Amino acid sequence: MAVTVPDLDAAVEWYCTTFGFSVAWREDWTDAPAGPLGLPGETVRLRGVGLDIGAGVYLELHEMPPARVAQRRLDQTGISHFAFRTTDIDALYARLVAAGVSFRSSPQYIAAGGLAGERWVYAEDPWGVAWHLCQHPARAPFTAG
């Protein structure tokens, strides 16, 4: 997953400090091909960082000036948010609140249906990107194939 941010250094600091991620790689300013990025006719200059979030998963952060702020809603088509799975949502929620993260609510519980037993809570990073914490009941993890 990747997030475009207006200030790469500030975003790296926030994600690493808030979640304890570490920098796996950095890409200095480079010119990127506009067409394959869906930005034909534009000049695309970017820099990026890959954050190791564990279990072989990376969060990419990119800075691509000029920064354009677009407010997204969870009900819009497209990627609306990303999730971090935890085994103790209450402890992580409390730690993040103490660190200054503003959540939309306290952790919620799903009582019935296909996600019965799941607990979740939504927040945003300082640049308005929505994410949530989720704690799943004991069930087999997803495997491809």
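Computed from a prediction, not measured in an experiment: that's the story for all the values here.

Asks: So what's going on with helix H1 (residues 8-19)? Residues and values would help.
Replies: Side chains three or four residues apart in an α-helix point the same way, a direct result of the helix having 3.6 residues per turn. Spanning 12 residues, H1 covers 16 Å between terminal C-alpha atoms, matching the ideal 16 Å at 1.5 Å per step. Those residues of H1 lying buried are Leu8, Ala11, Val12, Trp14, Tyr15, Cys16, Thr18 and Phe19. Here H1 starts with a cap whose side-chain oxygen sits 3.2 Å from the backbone nitrogen of Asp9, and that cap is Asp7. A positive backbone phi angle near 80° is found at Gly20, which sits one or two residues after H1.

Asks: Go over the pairing of strand E4 (residues 57-63), please, and point to the residues and values.
Replies: Where strand E1 (residues 2-5) lies against E4, four bridges are found, and the strand directions are parallel. Across the sheet, the residue bridging to Val5 is Glu63, located in E4. The sheet contact formed by strand E3 (residues 44-54) and E4 spans seven bridges and is antiparallel. Paired with Val49 across the bridge in E4 is Leu61. Between E3 and E4, which pair antiparallel in sequence order, lie two residues; one of them, Ala55, sits at a positive phi of approximately 55°.

Asks: I'd like to hear about the environment of Leu61, residue by residue, with values.
Replies: As for its placement among the helices and strands, Leu61 is situated in strand E4. Classification of Leu61 as buried rests on a relative accessible area of 0%. As a C-alpha pair, Leu61 and Thr4 span 57 residues in sequence and 5.8 Å in three-dimensional space.

Conventions used here
Residues numbered from 1 in each chain as written. Predicted model: local features only at pLDDT ≥ 70, side-chain atom pairs only at ≥ 80, totals over all residues. Heavy atoms only, no water. Helix = DSSP H or I, 4+ residues; strand = E, 2+ residues; numbered from the N terminus. Expected span 1.5 Å × (residues − 1). Buried < 20%, exposed > 50% of the residue type's maximum accessible area, 1.4 Å probe, protein only. Polar contact = N/O pair within 3.5 Å; in protein donor to acceptor, adjacent residues only side chain to side chain. Pairing = 2+ DSSP bridges.

In short, the description is geometric, and any link to function would need to be established separately.
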